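Per-entry structural report
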Amino acid sequence: MNLRLGIDVGGTNTDAVILNPSGELLAKAKRPTTSDVTNGIRNVLRAVLESEAGKRIERKAIVQAMLGTTHCTNAIVERKGLSRVAVLRIAAPASLAIPPLSDWPEDFVEKLNAQVEIVEGGHEYNGQEIVPLNEGAIQHFAHRVRGVRAVAVTGIFAPVSDAHERRAERILREILGDEVSITLSSQIGSVGLLERENATILNAALTDVAIQATSAFNEALSAECIEADKYFSQNDGTLMRFEYALRHPILTVASGPTNSLRGAAYLTGRTDAVVIDVGGTTSDIGVLANGFPRESAVAVEIGGVRTNFRMPDLISKGLGGGTKVIIGGNTNHSWYPGTTVQTGATGHAHKSETVAEYARQNGYEGQAPVQVGPESVGYRLAQEAQVFGGGTLTMTDIATRTGAVQIGDPELVSEVPLGAVRDSLIIAREMLADGLDRMKTSAAAVPLIAVGGGSFLVPNDLEGASEVLRPENSDVANAIGAAIAQVSGEVDQIFMLGEAGRSAALAGAKAKAIELAIKAGADKDQVQVIEVEEVPLGYIPGNASRIRVKAAGPLVRLATIGTKEDRG
């Protein structure tokens, strides 16, 4: 039996599932995410294999392992573990006005300490060469940046013609050697120069982080004697091979939310719906369109940097199971059960049974007596939440106080004022309803799928939802999404329609997308076009259109019935 292992690393928990060839869940586990992420992967893998169901599974039966991880996201946000980067732009003399890194946060620029060069070269929107590539300048640049860990190469309109980028790569490789990672923008983003360049630089900076993530996954699997084909899930809800992920780590930064969306579609059978994934720190709200996450149509900021590569269209609210609840609506005030309500500003203390009483006694009438988030205890929920004996009031404590869930010791939150509970839930409802409303494209109510370990915070009668679906195993929907993900290929290019016309251009784009999906590992008999987008470019002479086509299909090995030995 060929089994699939899916692991998803979230901000609070790391989840793992094992599925059989029919997609049925055989075993699952959830463990707190660790500060170094790697140990969290090891812990959850050991837990799922040592679970009651997992003990009956032979390790050699696991033939594919998929990982969705926050390694790269954390590195960008925290500016940690980034590689030293050199930046080469092939676009002079057309783009000298705005140099690379111009719109980056200052602290990020200081952290990268990048060496930058702009050389002559590049192409027009129709693929015509603007000026010849200045190879001498690239050779000089390569000698100047010896010792860097990675190089980011961006050519103007490189997605249309990558000839100059590939020539520059060969020159850099001859001088810098094979140890240096070289990222080409044509493999990362779409036509916009600055956003594509930003994404390319981020990808190069993640070189060492990618090595760390892949090594951690390898080591975790080896420690459990699992010899499986390894994949990373990426931002659009599909998979990429381990080797490809090493070269394109930036494509993993939003894999967590997309895994949840794909898992929600799989668990409910719905292909079009809004999905709310409530974790420990945030509620991520996205849209399923034809079973895949709807992609963002605008530039997306990552760590303060504008990019234009494939990203899901998401809204994140600071609401999760670990979100802190502060009574008094003021961070100067805190409350602990069984003791007193303390006013930090005056040191004055009161015993109070209800929030309303507290608000009245302290002059907060007419103001919000409860503050929900945005701070969260995150992966320290099991240590800091009051139901576990901690000293921080969280939304998990609030839900337990209502009796809606049984987590930890309910007695430990039995003295939380019901007024505070009521007001906290009202605030949570308003946050979720606002997020749902912003993701809808019409006023009509839409189906809503609630997943994630904190999905108990989603009310059944949320405004804007025609129904709220809570599928079985929704607490590990993200890991399931990773395990069942498909492989994709995508074309995003400007086509000159010419005499052949629009139909020929569309057919060519579809054929190329299918070819790319098959090259990435999709089963050629099951791959299909899942998305087509065409934008006529009236401002460009020559009847041009920007055509974007995505094709996807199951992994060829997943589609093959047989033993691992049969597959070779």
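Quick notes on the rules
- Residues numbered from 1 in each chain as written.
- Predicted model: local features only at pLDDT ≥ 70, side-chain atom pairs only at ≥ 80, totals over all residues.
- Heavy atoms only, no water.
- Helix = DSSP H or I, 4+ residues; strand = E, 2+ residues; numbered from the N terminus.
- Expected span 1.5 Å × (residues − 1).
- Buried < 20%, exposed > 50% of the residue type's maximum accessible area, 1.4 Å probe, protein only.
- Salt bridge = Lys/Arg side-chain N within 4 Å of Asp/Glu carboxyl O.
- Core = buried A, V, L, I, M, F, W, Y, C linked by side-chain atoms within 4.5 Å.
- Contact = heavy atoms within 4.5 Å.
- Phe/Tyr/Trp six-rings, centres within 6.5 Å; stacked < 30°, edge-to-face > 60°.
- Lys NZ or Arg CZ within 6 Å of the ring centre and 35° of its normal.
- Pairing = 2+ DSSP bridges.
- Axes fitted to C-alpha atoms, helices over the stretch in contact; angles between N-to-C directions.

In this model helix H13 (residues 418–439) runs 32 Å from its N-terminal to its C-terminal C-alpha over 22 residues, within 8% of the 32 Å that 1.5 Å per residue would give. Within H13, burial applies to Gly419, Ala420, Val421, Asp423, Ser424, Ala428, Met431, Leu432, Ala433, Gly435, Leu436 and Met439.

When their charged atoms lie close together, side chains carrying opposite charge are able to pair. As enumerated under the stated definition, the model contains 30 salt bridges in all. Lysine 550 is paired through a salt bridge with glutamate 295; the nearest N and O atoms lie 2.8 Å apart. Residue lysine 550 is located in strand S26 (residues 544–553), and its partner glutamate 295 is located in the loop between strand S13 (292–293) and strand S14 (300–302); the two are separated by 255 residues in the primary sequence. Since its relative accessible area comes to 1%, lysine 550 is described here as buried. The buried category is assigned to glutamate 295, whose relative accessible area is 14%. Taking the shortest distance from any N to any O, the salt bridge between glutamate 490 and arginine 548 comes out at 3.2 Å. A residue pair is termed long-range when its members are at least 10 positions apart, and glutamate 490 in strand S24 (residues 486–496) and arginine 548 in strand S26 qualify at 58 residues. Taken as a pair, glutamate 490 and arginine 548 share a single burial class, namely buried. The network of salt bridges with common partners includes Glu295, Glu490, Glu531, Glu533, Arg548 and Lys550.

All right, on to the nonpolar core then. Judged by nonpolar contacts, the single largest core of 59 residues is most densely connected at Ile7, Leu45, Ile62, Phe217, Ile250 and Phe309. Looking at which element gives the most residues to this core, the answer is helix H1 (residues 38–50), with six residues. Those residues in contact with phenylalanine 217 that lie beyond four places of it in its chain are Ile7, Ile41, Ala65, Met66, Leu67, Lys230, Tyr231, Phe232 and Phe242. Ile285, Ala385, Val413 and Ala433 belong to the second largest nonpolar core, which has 38 residues in total.

What follows deals with the packing of aromatic side chains. Tallied over the entire structure, the rule returns four aromatic pairs. Between tryptophan 104 and phenylalanine 108, the aromatic rings sit 5.0 Å apart at their centres with planes inclined by 65°, giving edge-to-face as the arrangement. Take tryptophan 104: its relative accessible area is 6%, and that puts it in the buried class. Take phenylalanine 108: its relative accessible area is 0%, and that puts it in the buried class. Relative to phenylalanine 242, the ring of phenylalanine 217 lies with its centre 6.2 Å away and its plane at 45°, an arrangement referred to as tilted. Separated by 25 residues along the polypeptide, phenylalanine 217 in helix H7 (residues 207–223) and phenylalanine 242 in helix H8 (residues 242–247) bring together distant segments of the chain. Using a relative accessible area of 0% as the deciding quantity, one classes phenylalanine 217 as buried. Taking the relative accessible area as the measure of exposure, phenylalanine 242 reaches 7% and is therefore buried. An aromatic cluster is defined as three or more aromatic residues linked by ring pairs; in this entry it consists of Phe217, Phe232 and Phe242. Over the face of the ring belonging to phenylalanine 242 we find lysine 230, whose NZ or CZ atom lies 5.6 Å from the ring centre.

Across the sheet, which stays open at both edges, the nine strands sit in the order S3-S2-S1-S4-S9-S10-S24-S26-S25 with mixed pairing between neighbours. The two strands at the open ends of the sheet, each matched to only one other strand, are strand S3 (25–32) and strand S25 (528–537). Averaged over neighbouring strand pairs, the angle between their axes works out to 30° when direction is ignored. In terms of strand pairing, strand S1 (residues 3–9) meets strand S2 (residues 13–19) through six bridges, oriented antiparallel. Residue pairing in the sheet places leucine 5 in a bridge with isoleucine 18 of S2. On top of the sheet, helix H9 (residues 255–268) reaches S1, strand S4 (62–68), strand S9 (229–233) and S24; it is set at about 130° to S1, its chief contact. Across the sheet, helix H15 (residues 501–519) touches strand S10 (238–241), S24, S25 and S26, and the angle it forms with S24 is around 150°.

As a further point, take unusual backbone geometry. One can expect most non-glycine residues to show negative phi and most peptide bonds to be in trans. In this structure, proline 93 follows alanine 92 across a cis peptide bond, with omega equal to 5°. With respect to the helices, strands and loops of the structure, proline 93 is situated in the loop between strand S5 (85–92) and helix H3 (106–112). In this structure, asparagine 113 takes a positive phi of about 50° despite not being glycine. For asparagine 113, the location among the structural elements is in the loop between H3 and strand S6 (115–120). For asparagine 113, a relative accessible area of 53% corresponds to the exposed category.

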